[in-house]
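What the coordinates show
Chain residues, written in single-letter form:
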Amino acid sequence: MTENQRLKIIRKFLKETQADFGASLGLTQAGYSDIERGKNNVSGKIKILLKREHNINLSWLATGEGEMFITTIEDSEMDSDKLGSEQNFF
């Protein structure tokens, strides 16, 4: 499976149209469609935007191995804060 095919999987998982997902990456629907169809490659700029805007694990995009999304530090901190407040509750 190619990066282009995995990109389509991401978009479908997020339940976004090509137009909306492309816009989040600074692309038109047609420009994004060309990438998804394999006419154009997933550029370095697009990869940076995928990571920044959608927390995409670029290793997963390249290989299909691991998790599709990156767990952010804020998510981990929020989980720790939540756990701490729950412990104080009891």
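Anything mentioned here points back to the structure above.
Residues numbered from 1 in each chain as written. Predicted model: local features only at pLDDT ≥ 70, side-chain atom pairs only at ≥ 80, totals over all residues. Heavy atoms only, no water.

**Observations regarding the side chain of His54**
Which entries qualify depends on this criterion: Secondary structure elements follow DSSP: runs of H or I of four or more residues count as helices, runs of E of two or more count as strands, with numbering from the N terminus. The classification of residues rests on relative accessible area computed with a 1.4 Å probe and restricted to protein chains. Under 20% of the type maximum is buried, over 50% is exposed, and intermediate values are partly exposed.
Position of His54 among the secondary structure elements: in helix α4 (residues 44-54). Given a relative accessible area of 14%, His54 falls into the buried group.

**Quick look at the packing of aromatic side chains**
To keep things clear, this is the line we draw: The aromatic pairing rule takes the rings of Phe, Tyr and Trp, using the six-membered ring of Trp, and pairs them if the centres are within 6.5 Å, calling planes under 30 degrees apart stacked, those over 60 edge-to-face and the rest tilted.
Scanning all chains against the criterion turns up two aromatic pairs. Where Phe13 meets Phe69, the ring centres are 5.5 Å apart and the plane angle is 40 degrees; that geometry is what we call tilted. On the criterion of sequence distance, the pair formed by Phe13 in helix α1 (residues 3-13) and Phe69 in the loop between α5 (58-63) and α6 (73-89) is long-range, its members being 56 residues apart. Residue Phe69 is classed as partly exposed on the basis of its relative accessible area, which comes to 27%. The interplanar angle of 80 degrees and the centroid separation of 5.5 Å between the aromatic rings of Phe21 and Tyr32 together place this pair among those described as edge-to-face. Taken as a pair, Phe21 in helix α2 (residues 18-24) and Tyr32 in helix α3 (residues 29-36) lie far apart in primary sequence, 11 residues in all. Take Phe21: its relative accessible area is 0%, and that puts it in the buried class.

**Concerning the packing of α1 against α3**
Defined as follows: Every axis corresponds to a line fitted to the C-alpha atoms, with the helix fit spanning only the stretch in contact, and the corresponding angles, defined between N-to-C directions, vary from 0 to 180 degrees. In what follows, roughly perpendicular refers to angles from 65 to 115 degrees, roughly parallel to angles under 35, roughly antiparallel to angles over 145, and oblique to any angle outside these ranges. Only heavy atoms matter for contacts: two residues are in contact if any of them lie within 4.5 Å across the pair. Residues were grouped as follows: Ala, Val, Leu, Ile, Met, Phe, Trp, Tyr, Cys and Pro as nonpolar; Asp, Glu, Lys and Arg as charged; and all remaining residues, including Gly, as polar.
Following both chains from N to C, one finds α1 and α3 inclined at 125 degrees, their axes separated by 8 Å at the closest point. Taken together, the axes of α1 and α3 are oblique relative to one another. Where α1 abuts α3, its residues Asn4, Leu7, Lys8 and Arg11 lie against Tyr32, Ile35 and Glu36. Residue composition of the contact of α1 with α3, grouped by class: three nonpolar, one polar and three charged.

**Considerations on the side chain of Gln18**
The condition is simple: The term polar contact refers here to a pair of N or O atoms within 3.5 Å; inside protein, the definition further demands a hydrogen-donor-capable atom paired with an acceptor-capable atom, and it admits residues adjacent in sequence only when both atoms are side-chain atoms.
In this structure, Gln18 sits in helix α2. The exposure class assigned to Gln18 is buried, which follows from its relative accessible area of 18%. Side chain to side chain, Gln18 and Gln29 meet in a polar contact 2.5 Å long. Once residues lying within four places of it in the same chain are set aside, the contact partners of Gln18 are Arg11, Gln29, Tyr32, Ser33 and Glu36.

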